[in-house]
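Fold and contact review
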Amino acid sequence: MNYRKLGKTNFNISEISLGTWQVGGKWGSGFNDKTADELLNTAIDNGVNFIDTADVYENGLSETAVGRVVRSRSERIYVATKCGRHINPHVNEGYQPKILQKYVEDSLKRMGLETLDLIQLHCPPTEVFYRPEIFEMFDRLKDQGKILNLGVSVEKVEEALKAIEFPNVTTVQIIFNLFRQRPSQLFFAEARKKDVGIIARVPLASGLLTGLFDSKTTFDAQDHRNFNRNGDAFDKGETFSGINYELGLKAVQELKSLFPDAQNLAPYALQWILSFSDISCIIPGASKNSHVLSNLSVYNLPELSAEKIKAMNEIYEKYIKSSVHHLW
C-alpha cells in the first residue's frame, strides 16, 4: 500500500481506501454484519487505514459496523462519515446547525467513538454552500472535541469551489474517474493552493469501468443502477457517473481493446485516477472480499504509460465528454 497526505488534515492515508455505501450487502439487497466485518478487516489487513461511511448507509448499520471493527483493531484507522441526507425533504431550509450537530452526535454514539476524524456535509443542496453559519457550527464541534476536521461531499465542481472558500473545510469528496474528468481542470489547482485533500468517489462509475457488464446485465430492483439512471431518486450523476448505460458500454468496449489480457478493468481505472498527484485517496466500494482484493490489485500492475493514459483519455473525448462534462 502507498500512502498520501490528506490535505491540511495531515493524515497520512492509504491511496486505495474503502467506501462503505454497500458494505455488508449489495446496493439495496440488505445488510449482513458478518460480511461487513470480513470486508472491513480484509481492507485493514491489506493496509487500508481510511474508511468512509455515512449515517444514511443502511440507516446507520454501516457506521455501526465501521465503529465495531475500528474499535477492535490496534492500527490507527481514520474514520470519515457524513451527515445531512437524513433531512427530509432534502432542501436548503432543512439544514440547520442544531440538526446537523444532533446528526454528528448520533454518529458518534453508533460508532462508539469519542471523536470523528472527519465529518462531511453529505451532498447538500447548492444553497447550503453559501451559508457561513452552517460551516461555523463545525468549528464549535471541533472545540468540543467531537470532530477533528470538516469536509464536504459534493455533486458539482461549483459546489467544491465554493466550499473551499471556507477555511475550515479540509477535504472535498467528489466524483472523479475516467468518465468524469472535469474536476481535474480548475478545481484540482484551487484545492492544491489551499491544501485541501481530494477524495475520489464513484471511481469505477458504479462498476461500469470494471468492464464486467454488458447489455444483458440485470440489477436488483432496489439497486440504484436499476432505478436511478435518469435521476428519479437522487442526482443521476451518482449512477454510472451520469452516463447513458449503452453509451458507456461502447466506451468500455474500446477501453478493453487497450488491455486485451485483462479480465477486470477496475485496477486500470484506479491507476488512471492515481496518476493525478492531487488525489489524496480513492474510496471504491465493495460488497464482498474479492472486490476489496480486486481494488488493491492495482499494485500488482506496472505503472500506466503516458501512451496508455493518452489513449484512455481519447476514449473519454470520443464517447463521454460531450454528454457529461458540462453537467457537473
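Preceding this section is the structure that the text describes.
Read on for a plain summary of the structure. (Residues numbered from 1 in each chain as written. Predicted model: local features only at pLDDT ≥ 70, side-chain atom pairs only at ≥ 80, totals over all residues. Heavy atoms only, no water.)

1. A few points about the overall build of the protein chain
On a plain count of helices and strands, the protein chain comes out with 11 helices and 10 strands. Computed over the C-alpha atoms, the radius of gyration of the protein chain is 19 Å, within 12% of the 20 Å expected from 2.2 N^0.38 for a compact globule of 328 residues. The C-alpha extent of the protein chain, read off along each of the three principal axes, is 55 × 40 × 40 Å. Counting the 328 residues in the protein chain, one finds 57% classified as buried. Residue pairs at least 24 apart in sequence account for 77% of intrachain contacts in the protein chain once pairs closer than 6 positions are excluded. (Helix = DSSP H or I, 4+ residues; strand = E, 2+ residues; numbered from the N terminus. Rg over C-alpha atoms; globule rule 2.2 N^0.38 Å. Buried < 20%, exposed > 50% of the residue type's maximum accessible area, 1.4 Å probe, protein only. Contact = heavy atoms within 4.5 Å.)

2. Focus: helix α3 (residues 97-111)
The end-to-end C-alpha distance of α3, which contains 15 residues, comes to 21 Å, matching closely the 21 Å that a straight helix rising 1.5 Å per residue would cover. Within the sequence span of α3, burial applies to Pro97, Leu100, Tyr103, Val104, Asp106, Ser107, Leu108 and Met111. At its buried positions, α3 is contacted by α2 (61-72), β5 (78-83), β6 (118-122) and α4 (132-143). Backbone geometry just downstream of α3 places Gly112 in the positive-phi region, at approximately 70°. (Expected span 1.5 Å × (residues − 1).)

3. Points about the packing of aromatic side chains
To describe a pair of aromatic rings, you give the distance between the ring centres and the angle between the ring planes. Enumeration according to the criterion identifies 17 aromatic pairs in this entry. Chaining the aromatic ring pairs together yields one cluster made of Phe176, Phe187, Phe188, Trp272 and Phe276. Directly above the aromatic system of Phe11 lies the positively charged group of Arg76, at a separation of 5.9 Å from the ring centroid. Directly above the aromatic system of Phe259 lies the positively charged group of Lys308, at a separation of 5.0 Å from the ring centroid. (Phe/Tyr/Trp six-rings, centres within 6.5 Å; stacked < 30°, edge-to-face > 60°. Lys NZ or Arg CZ within 6 Å of the ring centre and 35° of its normal.)

4. Focus: the side chain of Arg4
Here Arg4 lies in strand β1 (residues 3-5). On the basis of relative accessibility, which here comes to 16%, the residue Arg4 falls in the buried class. Once residues lying within four places of it in the same chain are set aside, the contact partners of Arg4 are Phe11, Asn12, Ile13, Glu15, Leu274, Phe276, Ser277, Ile279 and Ser280.

5. A short note on the sheet that holds strand β9 (residues 197-201)
Spatial ordering of the open sheet is given by β3-β4-β5-β6-β7-β8-β9-β10, a layout of 8 strands whose pairing is parallel. Lying at the two open borders of the sheet, with one neighbouring strand each, are β3 (18-19) and β10 (281-282). Relative to strand β7 (residues 150-153), β6 runs parallel, the two sharing 4 bridges. Across the sheet, residue Leu121 finds its bridge partner in β7, namely Val152. (Pairing = 2+ DSSP bridges.)

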